[in-house]
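An overview of the molecular structure
The lines below spell out each chain.
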Amino acid sequence: MAGERLVAEGRVSALSFFLGMSIIFLPVIANRYIEAGPGLLGSSGGRVTLTAFVAGLNGILLLLYRGTLYQVAIRAAFLGFAFGCGLLVGVSQSQWRHFGWYVCSLSFFHYSEYLITAVNNPKSLSLDSFLLNHSLEYTLAAISSWVEFTIEKTICPGLKQITWLSVIGLAMVIFGESLRKSAMLTAGSNFNHIVQNEKSETHTLVTSGVYSWFRHPSYVGWFYWSIGTQVLLCNPVCLVGYTLASWRFFRERVEEEE
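In this text the structure is predicted, and so the values were computed from the model without any measurement. (Residues numbered from 1 in each chain as written. Predicted model: local features only at pLDDT ≥ 70, side-chain atom pairs only at ≥ 80, totals over all residues. Heavy atoms only, no water.)

Section: the overall build of the chain
- Check the secondary structure of the chain and you find 9 helices and 0 strands.
- When the helices and strands of the chain are listed from N to C terminus, the series reads α-α-α-α-α-α-α-α-α.
- Here the chain, with 258 residues, has 43% of them falling under the buried criterion.
- If you take every contact in the chain between residues at least 6 apart in sequence, the share linking residues at least 24 apart comes to 72%.
- Summing over all exposed atoms, the chain offers an accessible surface of approximately 14200 Å²; the carbon and sulfur share of this is 67%. (Helix = DSSP H or I, 4+ residues; strand = E, 2+ residues; numbered from the N terminus. Buried < 20%, exposed > 50% of the residue type's maximum accessible area, 1.4 Å probe, protein only. Contact = heavy atoms within 4.5 Å. Areas by Shrake-Rupley, 256 points an atom, 1.4 Å probe, with all protein chains shown as cover.)

This is the structure we're talking about:
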């Protein structure tokens, strides 16, 4: 029964993520049925439509789910909403286009962490599997990158329009994300977000797939994903900070596991 409940949580998260991501259809609907014009979010009609979308989405989730399932659904819907907004900005000609790529990368990372855990190791699945509350340091690092991007965009907007550099960062993000999720899928139930200090009876050493290339492929993937986000944003300060902090974090984590 517990396994079925956890599988249901995974399904709820998938539906909710796509419901949130349906924000990508809002500009088409708004431009067709209300006088929002091309600048949807910059118009009063567009803002009203956006508010109605968010309220309607939350209302649907409240009708469908209760308790833990609602908590799962609202988090997944938020990440889907962020992914959709990032996609809209990322395909536009806005000066914030590269930031839209970043938002897509960030929201997909957190949602896929939950989904892969639901598929691979439902016994360890919890709200923490979204990694949204990873740590205070993680939150401060994310906020710092947003602040740096905004300040530098205001002072030196040309720095944030180096498309070839952002493309390299996006490639690093995709590589890191793919490697980490491949590691999670390969490890199966042996993977856990919580550092294991003792070997359990069911744990086996995985040496196949990406584990034949790297001893800790999930950490390698997260490392390159992390610094790739800062290359994508063209954030020189946070690039150095993320590289040093990530290297120290994963080194200490690996030593603890070993």
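As for the UniProt feature "transmembrane region" (unreviewed entry) in the chain
- Sequence positions flagged by UniProt for "transmembrane region" (unreviewed entry) are, in local numbering, residues 12-34, 46-65, 72-93 and 222-245.
- From the first C-alpha to the last, residues 72-93 spans 34 Å; its make-up is 86% helix and 0% strand.
- With 88% helix and 0% strand, residues 222-245 has end C-alpha atoms that lie 12 Å from one another. (UniProt positions renumbered as here; feature names shortened; annotations may be inferred.)

Description of empty space enclosed by the protein
- Under the counting rule described, the total for this entry stands at 1 cavity of 30 Å³ or more.
- By volume, the largest cavity amounts to about 30 Å³.
- I116, T117, N120, N121, S124, M184, G188 and F191 together form the lining of the largest cavity.
- Each residue belonging to the lining of the largest cavity can be placed in one class, and the counts come to 3 nonpolar, 5 polar and no charged. (1 Å grid on protein atoms, 1.4 Å probe; cavity = no way out; pocket = protein on both sides within 12 Å on 5 of 7 lines; lining within 4 Å. Points joined across faces, edges and corners; volume = space filled by probe spheres on them. Nonpolar A, V, L, I, M, F, W, Y, C, P; charged D, E, K, R; others polar.)

Focus: the environment of V254
- Along the polypeptide, V254 turns up in helix α9 (residues 236-257).
- Each C-alpha atom of the pair V254 and R215 lies 9.8 Å from the other, and the pair is 39 residues apart in sequence.
- If sequence neighbours within four positions are ignored, V254 has contacts with H216 and Y219.

Some points on the nonpolar core
- One finds Y102, W222 and W225 to be the most contacted residues of the largest nonpolar core, which totals 21 residues.
- For this core, the secondary structure elements donating two or more residues are α5 (97-120), α6 (136-155), α8 (217-232) and α9.
- Beyond its immediate stretch of four places on either side in the chain, W222 contacts F109, L131, H134, Y138, G176, R180 and F250. (Core = buried A, V, L, I, M, F, W, Y, C linked by side-chain atoms within 4.5 Å.)

Observations regarding the layout of surface pockets
- The computed volume of the second largest pocket comes to approximately 470 Å³.
- Lining the second largest pocket are 22 residues, and of these E137, Y138, A141, A245 and S246 lie nearest its centre.
- Mapped by element, the contributors of at least two residues to the lining of the second largest pocket are α5, α6, α8 and α9.
- Among the residues making up the lining of the second largest pocket, the classes are represented as 13 nonpolar, 8 polar and 1 charged.

A few points about the packing of α5 against α8
- Between α5 and α8, the shortest axis-to-axis distance is 9 Å and the interhelical angle comes to 160°. As far as their axial angle goes, α8 and α5 are roughly antiparallel. Classified by chirality, the crossing of α8 by α5 is left-handed. Along its contact with α5, which presents H98, W101, Y102, S105, L106 and F109, the element α8 presents W222, W225, T229 and L232.
- Its residues assigned to classes, the contact of α5 with α8 shows 7 nonpolar, 3 polar and no charged. (Axes fitted to C-alpha atoms, helices over the stretch in contact; angles between N-to-C directions. Parallel < 35°, antiparallel > 145°, perpendicular 65-115°, else oblique. Left-handed = near helix turned anticlockwise from the far one by under 90°.)

Some thoughts on helix α7 (residues 163-187)
- Here α7 spans 36 Å end to end across 25 residues, near enough to the 36 Å set by a 1.5 Å rise per residue.
- Buried within α7 are the following residues: S166, G169, V173, G176, E177, L179, R180, K181, A183, M184 and A187.
- Taken together, the buried residues of α7 touch α5 and α8.
- Backbone geometry just after α7 places G188 at a positive phi near 60°. (Expected span 1.5 Å × (residues − 1).)

What about α5?
- End to end, α5 covers 34 Å across 24 residues, agreeing with the expected 34 Å (1.5 Å per residue, within 8%).
- With respect to burial, α5 is a largely interior element, 20 of its 24 residues being buried.

Details of the side chain of S226
- As for its position among the elements, S226 is in helix α8.
- Look at S226 and you get buried, because its relative accessible area is 8%.
- Setting aside chain neighbours within four positions, we find S226 in contact with Y242 and S246.

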